[in-house]
Amino acid sequence: MPHAAPPPPPGRPTRRTLLAGALGLAGATTLTGCGTFSRDARVREWNLFGGGDGARLLQIHDKFVAEHKDIAFEAYTLAWGPPFYTKLAMSAAGGRAPEVATLHLSRLKGFSPTTMLDPIPVDLLAKAGITEQDFIPDTWSRCQVDGQLYAVPLDSHPFVLYYNTEICQQAGLLGPDGRIKTVKGVDAFLDMLRAVKEVTGKFGASVETTNPWRLWWTLYGQLEGKFFDESGTQLIIDDAKAIEALELMAKLAADGLTPKSSDYPSLVAQFTNGDAGLSFNGEWEVTTYQTAKMPFSMAPFPVVYDVPKFAGDAHTFVMPHQADRSTKDTEATVEYIAWMLKNSAEWAAGGHIPAYQPVVASPEYLNLKPQAEYRSVAPDVLFDPDAWFSGSGAQLQNEAGAAFSGVYAGRMTPKAALDQFKAATRKLLDTPSPV
Amino acid sequence: MAVQTPTRTGTTEPQPTRQPPRNGPPWTEKWGGLFFVAPFGVLFAFFLLWPTFSGLWNSFFNTSLAGVQQEFLGLANWREMFGDPAVWDSLQNTLVFTAMSTPPLVIIALVMALLANRKGLLGWFLRFSYFAPFVMPATVVTLIWVWIYQPGFGLVNGLLTAGGSAEIDWLNTENRAMLAVVITTVWWTVGFNFLLYLAALQGIPDQVYEAAAIDGASGRQQLFRITLPLMSRTTGLIVVLQLVASLKIFDQIYLMTDGGPNYATRPIIQYIYENGFTSYRIGYASAISYMFFLVIVIVSIAQFRLFGGRKEAN
Amino acid sequence: MATLTLSSRASRASRFSRGSGPVQPRFTFAKVAITVGSVLLALLWLVPLLWAIDTSLKPEPETTQTPITWLPGAPTIDAYRNVLDQGSILRWFLNSTIVACLVTTLTLVVSTLAAYGFSRTTFPGRRVLFGILIAGILVPPQVLIVPLFQEMTGLGLVDTYWGIVLPQVVAPVMVFVLKKFFDGVSRDYEDAARVDGATRLRIVWSVMVPMSRPVLGAVAIFTFIGAWNNFLWPFIVTTDPAMMTIPVGLANVQGSYGLRYAQIMASAVLGGLPLLVVFALFQRQVVRGVGDAGIKG
């Protein structure tokens, strides 16, 4: 039993005790609720990092707290995706938002930065030692809206290939250096999966069938498919390419090379327990597999089609809108952001490729294995289409998930799934933008 | 808000905010009652009337959560709603859930009440078991059931595979997910109806049964000729309450399937939530809310009619 | 929470003095079968809870083993320790307690006063106001979440206790139930008190409240359970995890546990435990509360 005051028994003698208790508690909370006692600057940070990432962030935060005794720091992890973003938006609308939050770069424009975020003071950031020159120019410019800086990039995170080194060794897929041999083309890709399936007896690779966007967007991108036209108002999806990618996904499931139905926890579990020797996923589960002490490594996702493109996104820090933001808290917040970037080698241990270039060049990062194995793909990260309903965990991905997961399960033909997805996307395009 | 603080003993005069004279001037006699109604009235006006009307107002604007400039749209939100299949699909999901969940929630509750209407430790144990899930929050219930439905190592599938059958991915299969939610809901909330039935059963005077026993009625006859007929009005009440409660489904589905797979379980309230908060579209969400509000009012009024009619007939 | 309809009859002890069921013959095969069936049904109803407790006591790797095991091979309370250490669960307990107590208290006070006002006083517009109140019963709180959230942002009540509590206090059905009950209370007591010079406020306190203890008890019990377990509104109006109640906090922050099923089940058990214990201890009062209030069928 926890030590918090248990609720009074709702039995007979409640009336008076309840009254007294409730009024007492209410009194107590008005006192603590205002919290004007703390002289320290306050930084509350919200993030959406679960699993291994979450654990890693916790350690980094502990270090930050130890080095910053003068900052009252609290971090919260909320459930990834729509729950996180909905809460963040509601908190910004409510005026009591946290001082700083993580945000996927792909969602910045759809978040209505001018009303829901406060601009990040570039001068304070420079004072803390972070300037434009420290980033890839394209990344930096994606963080600007109406000439103001609204986000500071922390990393980028492409879709990659995880492989179980023992299983792949048995399957004869490893090269003499112990790394997985690069495969190129559909046939080689399928051969690789079949070889692994042969060894595991179950699956070749674990995938998240409930969220098939990343794999599809990677394959479609590798086919050089386009999504919106220049103006961002017309859907110009290439049916033939889209269906080719979907058919490959259907084939994987139909041949038992991947599960027909599997959610995110199952994706992780199947790779951990050896049901699958490969896993197609973002690079953020490194910590989980290291903790599980399993033999694994990572590599860029195979170039199955024509060009190297890998679905991905970048985590950034933003300052959600507060009704009355205190200068002191803002200074502490900027200090937090700067500190996190400078210490992002540790963050990179969780799998992400740092955005802050001085860290990318540091030996501390380069020595990370397997985290530095796929850093070459950073320039080929394929962001989601640009629209207010697009981005990590946003509606467009959900629509893709709803339509495409049926393809894995064999419930829906690629053509029907694509039609459903296109209809849903058109509907979103027709919807007046709320931002 | 003026909350009266009771004094320790509860017998002395509580400190009133005003001191009405014993046989006061006519205005206290005339208006004094308003003071009693006022605290509730103010809250009612602020947190029920106001949002009811501001919701209607918003439904004619493109109001956004992001607080960007809003424009008058006339009936555009309403027109969009009527042409939006997702509205009708989610309304249908809500109705399907209601239709699937109400019968077991009534019948099982009645069976449980008949079984648990006994004294002693066994009675206590039965009542505890049947009602216990009801006192737990939705989140706890769904955490447990998502784990139970888990493919691979969940309890249900563990038993299925142990029994030699194929595994079912309950929450990710379109025509199973709603069933899974209904099973969870029945487990969770049947206790409340059970309690209502139990109270009604315990309200039947023993003399009725004693008289029947003297007349030589068997246990079965007592059940079908006395108990169940006497339960019919309670059943009416429970059905009414249950239908309206089921129509408001959101918690379990949001927490268990998030409306999936492929929106096969998304209820209308979740669609309202997603539009209003996830997509910032307060105006559009208000229009859908209003449409659903009308559905509930119609169902309620129809029930009151039916219900009232039956009462007069009795 | 479903609404309760309670009758105005002040029926009390007689209903439960005996509490026996139908008169049944001593020993029959049917009776044994019924008893066995009732216990099996009870066990079926308990299995999910037991399975949750069982899982929470397993070491993490054991939770995902196939075929499933019933009893933990090496029972451990690590999962509970982790949940209590890392999470904000104690804070959410506190929030839930504060919220449920405030909602219950305010609902009782405000509804009792209003019910008395509608039942015993006359003032211009009383009928109209009561009509509006009845109409309010038809408004499901669920359809108000969007405008209500907007209003809360305007009032600055998002992420505050009052923001969570106040809308839940508006329960017209409770006023209706209490008013019907007060209507049935004889005016004699009140008149006697008035002759003694009691103010009307005092009459409410020392005449009406004691007379309607059972119905107030039922209102209190179900308001408390409802407020403790309410998910949707607290879920909408709290964004700051430090302000969340147990159901909302568990729903939002579960992601951080990742794959740890033992930990998830431990937090579920902790979240469900308080009211379960309360119910186990006060079962008789809860069951009686409903019965005492007199369910009108």
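Residues numbered from 1 in each chain as written. Chains lettered and ligands numbered in written order. Predicted model: local features only at pLDDT ≥ 70, side-chain atom pairs only at ≥ 80, totals over all residues. Heavy atoms only, no water.

Chemist: Quick one: what's the story with the packing of helix α3 (residues 82–94) of chain A against helix α12 (residues 268–278) of chain B, residue by residue and with numbers?
Modeler: The N-to-C vectors of α3(A) and α12(B) enclose an angle of 55°; their axes lie 9 Å apart at closest approach. Relative to α12(B), α3(A) is oriented oblique. In this structure, α3(A) contributes A:Pro82, A:Thr86 and A:Met90 to the contact, and α12(B) contributes B:Tyr273, B:Phe277 and B:Thr278. Among the residues making up the contact of α3(A) with α12(B), the classes are represented as 4 nonpolar, 2 polar and no charged. (Axes fitted to C-alpha atoms, helices over the stretch in contact; angles between N-to-C directions. Helix = DSSP H or I, 4+ residues; strand = E, 2+ residues; numbered from the N terminus. Parallel < 35°, antiparallel > 145°, perpendicular 65-115°, else oblique. Contact = heavy atoms within 4.5 Å. Nonpolar A, V, L, I, M, F, W, Y, C, P; charged D, E, K, R; others polar.)

Chemist: Tell me about the nonpolar core, residues and numbers included.
Modeler: A:Ile180, A:Trp216, A:Leu278, A:Phe280, A:Phe421, B:Phe194 and C:Ile236 are the most contacted members of the largest nonpolar core, which totals 337 residues. Aside from chain neighbours lying at most four places away, what touches A:Phe280 is A:Phe159, A:Val160, A:Leu161, A:Phe189, A:Leu193, A:Ala205, A:Ser206, A:Val207, A:Leu215, A:Leu252, A:Leu267 and A:Phe301. (Core = buried A, V, L, I, M, F, W, Y, C linked by side-chain atoms within 4.5 Å. Buried < 20%, exposed > 50% of the residue type's maximum accessible area, 1.4 Å probe, protein only.)

Chemist: Any chance you could break down the UniProt feature "domain: ABC transmembrane type-1" (unreviewed entry) in chain B for me, citing the residues and the numbers?
Modeler: Taking the UniProt record as the reference, the feature "domain: ABC transmembrane type-1" (unreviewed entry) is found at residues 91–303 of chain B. Overall, residues 91–303 of chain B shows 77% helix and 0% strand. The separation of its end C-alpha atoms is 19 Å. (UniProt positions renumbered as here; feature names shortened; annotations may be inferred.)

Chemist: Can you lay out the pattern of salt bridges for me, pointing to particular residues and giving the numbers?
Modeler: When charged atoms on two side chains of opposite charge get close, those side chains can pair. Going through the model one piece at a time under the given rule, you end up with 22 salt bridges over all chains. In this structure, the salt-bridge partner of A:Lys422 is A:Asp239, at a minimum N-O distance of 2.7 Å. With A:Lys422 in helix α18 (residues 414–430) and A:Asp239 in helix α10 (residues 239–254), the pair connects residues that are 183 residues apart, well separated along the chain. Salt bridges linked by common partners bring A:Arg44, A:Glu99 and C:Asp240 together as one network. (Salt bridge = Lys/Arg side-chain N within 4 Å of Asp/Glu carboxyl O.)

Chemist: Give me the lowdown on helix α3 (residues 85–116) of chain B, citing residues and values where you can.
Modeler: Taking 1.5 Å as the rise per residue, α3(B) with 32 residues should run 46 Å; its terminal C-alpha atoms sit 46 Å apart, in good agreement. With a side-chain oxygen positioned 2.9 Å from the backbone nitrogen of B:Ala86, the residue opening α3(B) is B:Asp84. (Expected span 1.5 Å × (residues − 1). Polar contact = N/O pair within 3.5 Å; in protein donor to acceptor, adjacent residues only side chain to side chain.)

Chemist: Can you explain the packing of helix α2 (residues 51–67) of chain A against helix α13 (residues 327–342) of chain A? Please cite residues and give values.
Modeler: To describe two helices that pack against each other, one gives the angle between their axes and the distance between the axes. Residues and elements named next belong to chain A. Interhelical geometry of α2 versus α13 gives an angle of 125° and a closest axis separation of 11 Å. Between α2 and α13, the angle is such that the two are oblique. Between α2 and α13 the crossing geometry is right-handed. Facing α2, whose interface residues are Leu57, Ile60, His61, Lys63, Phe64 and Glu67, α13 presents Tyr336, Trp339 and Met340. For the contact of α2 with α13, the per-class residue count stands at 6 nonpolar, 1 polar and 2 charged. (Left-handed = near helix turned anticlockwise from the far one by under 90°.)

Chemist: Could you give an account of the packing of aromatic side chains, with specific residues and numbers?
Modeler: This model, assessed by the stated rule, comprises 67 aromatic pairs over all chains. Taking 5.4 Å as the distance between ring centres and 5° as the angle between the ring planes, the aromatic pair formed by B:Trp124 and B:Phe128 counts as stacked. In this pair, B:Trp124 and B:Phe128 both sit in helix α4 (residues 120–131), 4 residues apart, roughly one turn of the helix. Among the residues examined, B:Trp124 registers a relative accessible area of 33% and is labelled partly exposed. Members of the aromatic cluster, connected to one another through ring pairs, are A:Trp213, A:Trp216, A:Trp217, A:Tyr220, A:Phe227, A:Phe228, A:Trp388, A:Phe389, A:Phe404 and A:Phe421. Positioned above the aromatic ring of C:Phe235, the side-chain terminus of A:Lys87 is 4.3 Å from the ring centre. Taking the ring centre of A:Phe383 as reference, the NZ or CZ of A:Arg142 above it sits at 4.2 Å. (Phe/Tyr/Trp six-rings, centres within 6.5 Å; stacked < 30°, edge-to-face > 60°. Lys NZ or Arg CZ within 6 Å of the ring centre and 35° of its normal.)

Chemist: Pulling in residues and values, what's your account of the interface of chain B and chain C?
Modeler: Taken together, the contact pairs 110 residues of chain B with 112 residues of chain C. Summed over the shared surface of chain B and chain C, the number is 0 salt bridges. On inspection of chain B and its partner chain C, the count reaches 12 residue pairs in polar contact (both at pLDDT 80 or more). Of all the elements, helix α1 (residues 26–58) of chain B adds the most residues to the side of chain B that touches chain C, at 23 residues. For the side of chain B that touches chain C, a count of residues per class yields 71 nonpolar, 26 polar and 13 charged.

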